[in-house]
Amino acid sequence: MIEHEKYLLQPVRRPECVMSHGNGSWLYDEAGREHLDFVQGWAVNSLGHAPPEIGEALSEQARKLLTPSPAFHNRPMLELCRELVNATGLARAFLTNSGAEANDAALKLARKWGRTRRAGAFRIVTTENAFHGRTLATMAASGKPGWDVIAPPNLPGFVRVPYDDVAAVARAIDESTCAVMLEPIQGEAGVVVPRPGYLRQLRELTRERGVLLILDEVQTGCGRTGTFSRAEAEDITPDVLTLGKGLGAGVPLAAVIASESAACFEAGDHGGTYVGNPLMAACGLAVVRCVRAPGFLESVRRRGQHLEASLRRLAERSTGPRLVEVRGAGLLWAVRFDVPCAAEVQRRCFELGLLLNAPRPDTLRLMPQLRVSDAEVDEMIRRLSQALMPERASQREAGLNSTE
Ligand SMILES: *Cc1c(COP(=O)(O)O)cnc(C)c1O
């Protein structure tokens, strides 16, 4: 057992090591082992471990102003909100401390909008296997199997439909519905990419039926999928969009961004002690400026193509377990096996110094930093193939299989 582990409230099974520092795509533990990190704090460290941009933003802002209180304006908050509005084509932004809080705010905004603009409508249509966070409201909005029994009674007012099924959403909307909320690519469900046109059709449907479209881009946004938002790639503008994870590049920061007509919060409706604090906002500003700098998103797409091509080549030569599907966008990818071996493969990868995540029993997910190098991708593939085909890989290492 790890020293002092008994003081932790929550039982989480974690590997027998203590992480101490990181650099780019590499994470190091106290025993001096290096881990090639393709999890990056669950797609959080968009600029890698310990990025200099964040170090500078933090130390500069920390010496200036930490929190004037949310009752005052501060410059980094104002500037970040302006950047987020410009990057999404929406009108107004509100900063929060986590993705769940941003989604909570979006749900609250939608309900207020329904109450005041749609004759008391309050129901929100969500999708099966969705993940929107761990507050009571976002748990109710999530379709994660097994979650409904953790802390009942659950918040009412949610209707769940299958993902990637426009007709099901159309059937679920009635006069009591105020919004449809979904992830443009389902992240925690294992990088589930809907058919082309799904989001466009949902945008048309929600507009026709007069309800809000809320996109949870906590995982897909901020450059992760190769454009600033996934909505941009699909050429749609939702009424409400949430960002988190990569937005802070490792510090707690998220945002809800709304169109002018959806932005119905008035003074007193919502808030929080730390919302919009300049310390985190300064980090978000550094991230958004980096991600929106000329050429950055292009480089994410190019790195993503290299990762995708490498995974497809690995899939082609996989023998057992076989990789039967490679799916994703930008630098958010998953591979599915023909057998439920993901946890075991993840464990073997960990032993080989490679961090991957297994969101489903048959699925591994890869979320490297947005500046991951081709050489790091190649090294990841080398370690993953070794975990998959230990014998062949060791033969290759010994030079016995020189044809490859
Ligand atoms: C991670 C995630 C959340 C929750 O964000 P937290 O910062 O953990 O509260 C919400 N939605 C999606 C799509 C996510 O991936």
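Residues numbered from 1 in each chain as written. Predicted model: local features only at pLDDT ≥ 70, side-chain atom pairs only at ≥ 80, totals over all residues. Heavy atoms only, no water.

Participant: Can you walk me through the sheet that holds strand 10 (residues 254-258) in this structure?
Facilitator: In sheet architecture, strand pairing relies on hydrogen bonds along the backbone and comes in two forms, parallel and antiparallel. As summarised here, the arrangement of the 7 strands in space is 4-10-9-8-7-5-6, forming an open sheet in which the pairing is mixed. Two strands close off the open sheet at either side, each with one partner strand: strand 4 (92-96) and strand 6 (158-161). When the angles between neighbouring strand axes are averaged without regard to direction, this sheet yields 20 degrees. Note that strand 5 (residues 123-127) and strand 6 share 4 bridges and pair parallel. Across the sheet, threonine 127 pairs through a bridge with valine 161, a residue of strand 6. (Pairing = 2+ DSSP bridges. Helix = DSSP H or I, 4+ residues; strand = E, 2+ residues; numbered from the N terminus. Axes fitted to C-alpha atoms, helices over the stretch in contact; angles between N-to-C directions.)

Participant: Explain the confidence of the model for the protein chain to me, please; I cannot follow it from the model alone.
Facilitator: If pLDDT is low for a region, its predicted coordinates should not be looked at in detail. On average, residues of the protein chain score 95 in pLDDT, and 96% of them are at 70 or above. Contacts for the low-pLDDT stretch residues 400-404, under 50 throughout, to residues beyond four places or in other chains number 7 contacts. (pLDDT = per-residue confidence, 0-100. Contact = heavy atoms within 4.5 Å.)

Participant: Is there a simple way to explain the state of the cysteines in this structure?
Facilitator: Simply put, disulfide is the name for a covalent bond between the sulfur atoms of two cysteines. Taken as a whole and judged by the stated rule, the model has 0 disulfides. The structure places no disulfide on cysteine 17, whose sulfur is separated from the nearest cysteine sulfur, that of cysteine 349, by 15 Å. The thiol of cysteine 222 is unpaired, and the distance to the nearest cysteine sulfur, on cysteine 290, comes to 9.8 Å. (Disulfide = S-S within 2.5 Å.)

Participant: It is not clear to me how the packing of aromatic side chains should be interpreted in this structure. Could you clarify?
Facilitator: The description of an aromatic ring pair rests on the distance of the ring centres and on the angle between the ring planes. Counting across every chain of the model gives 2 aromatic pairs. With a centroid separation of 5.4 Å and an interplanar angle of 70 degrees, the aromatic rings of tyrosine 163 and tyrosine 198 are classed as edge-to-face. Taken together, the residues tyrosine 163 in the loop between strand 6 and helix 6 (166-172) and tyrosine 198 in helix 7 (residues 198-209) connect sequence positions 35 residues apart. Across the ring face of phenylalanine 350, the terminal group of arginine 33 is positioned such that the distance to the ring centre comes to 5.5 Å. (Phe/Tyr/Trp six-rings, centres within 6.5 Å; stacked < 30°, edge-to-face > 60°. Lys NZ or Arg CZ within 6 Å of the ring centre and 35° of its normal.)

Participant: Explanation requested: the sheet that holds strand 11 (residues 323-329) in the structure shown.
Facilitator: If you trace the 4 strands from one edge of the open sheet to the other, you get 11-12-15-14, paired in antiparallel fashion. The open sheet has two edge strands, strand 11 and strand 14 (357-360), and neither has a second partner. Shown here is a sheet whose adjacent strand axes are inclined to one another by a mean of 30 degrees, direction ignored. As paired strands, strand 12 (residues 332-337) and strand 15 (residues 363-366) are joined by 4 bridges and run antiparallel to one another. The residue bridging tryptophan 333 from the neighbouring strand is leucine 366, located in strand 15. Strand contacts of helix 10 (residues 296-317): strand 11, strand 12 and strand 15, with the helix running at about 5 degrees to strand 12, the strand carrying the most contacts. This element, helix 11 (residues 342-351), spans strand 12, strand 14 and strand 15 of the sheet and lies at about 175 degrees to strand 14.

Participant: What exactly am I supposed to notice about the site of the ligand here?
Facilitator: Near the ligand the following residues occur: Ser98, Gly99, Ala100, Asn103, Phe131, His132, Gly133, Glu183, Asp216, Val218, Gln219 and Lys245. One nitrogen or oxygen atom from the main chain of glycine 99 is found 2.8 Å from an oxygen atom belonging to the ligand. Between the ligand and glutamine 219, the relevant distance is 2.8 Å, taken from an oxygen atom to a side-chain nitrogen or oxygen of the residue. If the ligand stood free it would expose 380 Å²; the protein chains cover 81% of that surface. (Near = heavy atom within 4 Å. Polar contact = N/O pair within 3.5 Å; in protein donor to acceptor, adjacent residues only side chain to side chain. Areas by Shrake-Rupley, 256 points an atom, 1.4 Å probe, with all protein chains shown as cover.)

Participant: What is the right way to look at helix 12 (residues 374-388) in this model?
Facilitator: Side chains that are three or four residues apart share a direction in an α-helix, a result of its 3.6 residues per turn. With 15 residues, helix 12 should reach 21 Å at 1.5 Å per residue; the first-to-last C-alpha distance of 21 Å fits that figure. For helix 12, every residue scored as buried is listed here: Glu376, Val377, Met380, Ile381, Arg383, Leu384, Ser385, Ala387 and Leu388. (Expected span 1.5 Å × (residues − 1). Buried < 20%, exposed > 50% of the residue type's maximum accessible area, 1.4 Å probe, protein only.)

Participant: Any chance you could explain the nonpolar core here in plain terms?
Facilitator: For soluble globular proteins, nonpolar side chains are generally found buried alongside one another. Membership of the largest hydrophobic core comes to 82 residues, with the highest contact counts inside it found for Phe38, Leu84, Met380 and Leu384. When residues no more than four places from it in sequence are discounted, the contact partners of methionine 380 are Leu36, Phe38, Leu307, Leu311, Leu354 and Leu366. Counting 22 residues, the second largest nonpolar core, distinct from the first, contains Ala106, Cys178, Leu212 and Ala262. (Core = buried A, V, L, I, M, F, W, Y, C linked by side-chain atoms within 4.5 Å.)

Participant: Would you take a moment to explain the layout of surface pockets for this structure?
Facilitator: Estimates place the volume of the second largest pocket at around 650 Å³. Arg92, Ala93, Phe94, Leu95 and Phe265 are, among the 24 residues lining the second largest pocket, the residues nearest its centre. Elements represented by at least two residues in the lining of the second largest pocket include exactly helix 3 (75-88), strand 4 and strand 10. For the lining of the second largest pocket, a count of residues per class yields 17 nonpolar, 4 polar and 3 charged. (1 Å grid on protein atoms, 1.4 Å probe; cavity = no way out; pocket = protein on both sides within 12 Å on 5 of 7 lines; lining within 4 Å. Points joined across faces, edges and corners; volume = space filled by probe spheres on them. Nonpolar A, V, L, I, M, F, W, Y, C, P; charged D, E, K, R; others polar.)

Participant: Where do I start with empty space enclosed by the protein in this structure?
Facilitator: Where empty space is left can be seen by rolling a probe of water-molecule size over the atoms. Following the criterion strictly, the structure yields 1 cavity of 30 Å³ or more and no others. When its volume is computed, the largest cavity comes out at roughly 40 Å³. For the lining of the largest cavity, a count of residues per class yields 6 nonpolar, 6 polar and no charged.

Participant: Can you help me understand the packing of helix 11 against helix 12 in this one?
Facilitator: Any two packed helices are characterised by the angle at which their axes cross and by the distance between the axes. Two elements in contact, helix 11 and helix 12, have axes whose closest approach is 9 Å; the angle formed by their N-to-C orientations is 125 degrees. Considering the angle they form, helix 11 stands oblique to helix 12. Pair helix 11 / helix 12 crosses with right-handed handedness. Side by side, helix 11 and helix 12 meet where Val345, Arg348 and Cys349 of the first sit next to Leu384, Ala387 and Leu388 of the second. Here the contact of helix 11 with helix 12 is composed, by residue class, of 5 nonpolar, no polar and 1 charged. (Parallel < 35°, antiparallel > 145°, perpendicular 65-115°, else oblique. Left-handed = near helix turned anticlockwise from the far one by under 90°.)

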